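Listed below, chain by chain, are the residues.
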Amino acid sequence: MNYFPIKLMYQKLRGVQPKVPWKKLVCNNYATPRWVFILNLAIQGRLTTKERLLRWGMQVKKECVLCGWADETTSHLFFERIFSKEIRQRLLNWQGINKHVKIWEDEIHWETTEMKGKNSIDEIFRMTIAGAVYYIWQERNLRLFQNKQRNVISILKEVVQDLFVRGGKKYKLASRLRLKFLSIVSRRDRG
């Protein structure tokens, strides 16, 4: 036997697995590993939200920590809550994407179909969604466990600052982010 394809052997051992549509959001995302990890858990519905804890039979209040009145679900926490919606909407506007934030399932579908390219705009978008989900989750945990809270502006600053630091390490992202920064500075100077 002169030719032995490793790929074929791997597929035989692993078996046929269906591809998930959100693969591009998680795999090859240049965001920090902890951002990607939290995004992966959120997409799969595996974050320990209060809804999930209640399904496990734990006795917890089901109200969202961020708003105090709706049930804490993944969809509510990241896209239905006004606080989260404002963060996502401002990040979309910052990127020059003109669309309104929808519910969780619709957002994931839009992101996986529209932002799946390898260009710098799509890569920055994928990093931004991971950062937004991570910082919203972090804010939820700060309020729940440490009784501290931050405002939308401080969270946006952290996301954008981390995007610049992380994206600055990759040439094509650094140049796109530099252009984004220059456009923000020029708008401030005009306004």
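Structure shown above.
Residues numbered from 1 in each chain as written. Predicted model: local features only at pLDDT ≥ 70, side-chain atom pairs only at ≥ 80, totals over all residues. Heavy atoms only, no water.

*Asks:* What is the right way to read the nonpolar core from this model?
*Replies:* Note that soluble globular proteins tend to have their nonpolar side chains buried in a common cluster. One finds L25, I43, F78, I87, W104 and V133 to be the most contacted residues of the largest nonpolar core, which totals 47 residues. Of all the secondary-structure elements, those providing two or more residues to this core are helix 2 (23–26), helix 3 (33–44), helix 5 (74–80), helix 6 (82–95), helix 7 (104–114), helix 8 (120–146), helix 9 (152–167) and helix 10 (171–190). If one sorts the elements of this core by residue count, helix 8 sits on top with 11 residues. In this structure I43 touches W22, L25, V26, W104 and I108, once residues within four positions along its chain are discounted. (Core = buried A, V, L, I, M, F, W, Y, C linked by side-chain atoms within 4.5 Å. Buried < 20%, exposed > 50% of the residue type's maximum accessible area, 1.4 Å probe, protein only. Helix = DSSP H or I, 4+ residues; strand = E, 2+ residues; numbered from the N terminus. Contact = heavy atoms within 4.5 Å.)

*Asks:* Which parts of the structure should I look at to understand the side chain of E123?
*Replies:* Structurally, E123 can be placed in helix 8. Sequence-distant contacts of E123, defined by excluding residues within four places in its chain, comprise K118, K170, K172 and L173.

*Asks:* What is the right way to read a positive patch on the surface from this model?
*Replies:* A contiguous patch of positive charge, built from K7, R14, K19, K23, K24 and K118, is present on the exposed surface. Secondary structure elements with two or more residues in the positive patch: helix 1 (6–14) and helix 2. Tracing the chain through its elements places K118 in the loop between helix 7 and helix 8. A residue is classified by how much of its surface remains accessible, and K118, at 63% relative accessible area, is exposed. (Patch = residues over 30% accessible without salt bridge, like charges linked within 9 Å, V, L, I, M, F, W, Y side chains within 5 Å. Areas by Shrake-Rupley, 256 points an atom, 1.4 Å probe, with all protein chains shown as cover. Salt bridge = Lys/Arg side-chain N within 4 Å of Asp/Glu carboxyl O. Lys, Arg positive; Asp, Glu negative; His and termini not counted. Charge placed at Lys NZ, Arg CZ, Asp CG, Glu CD.)

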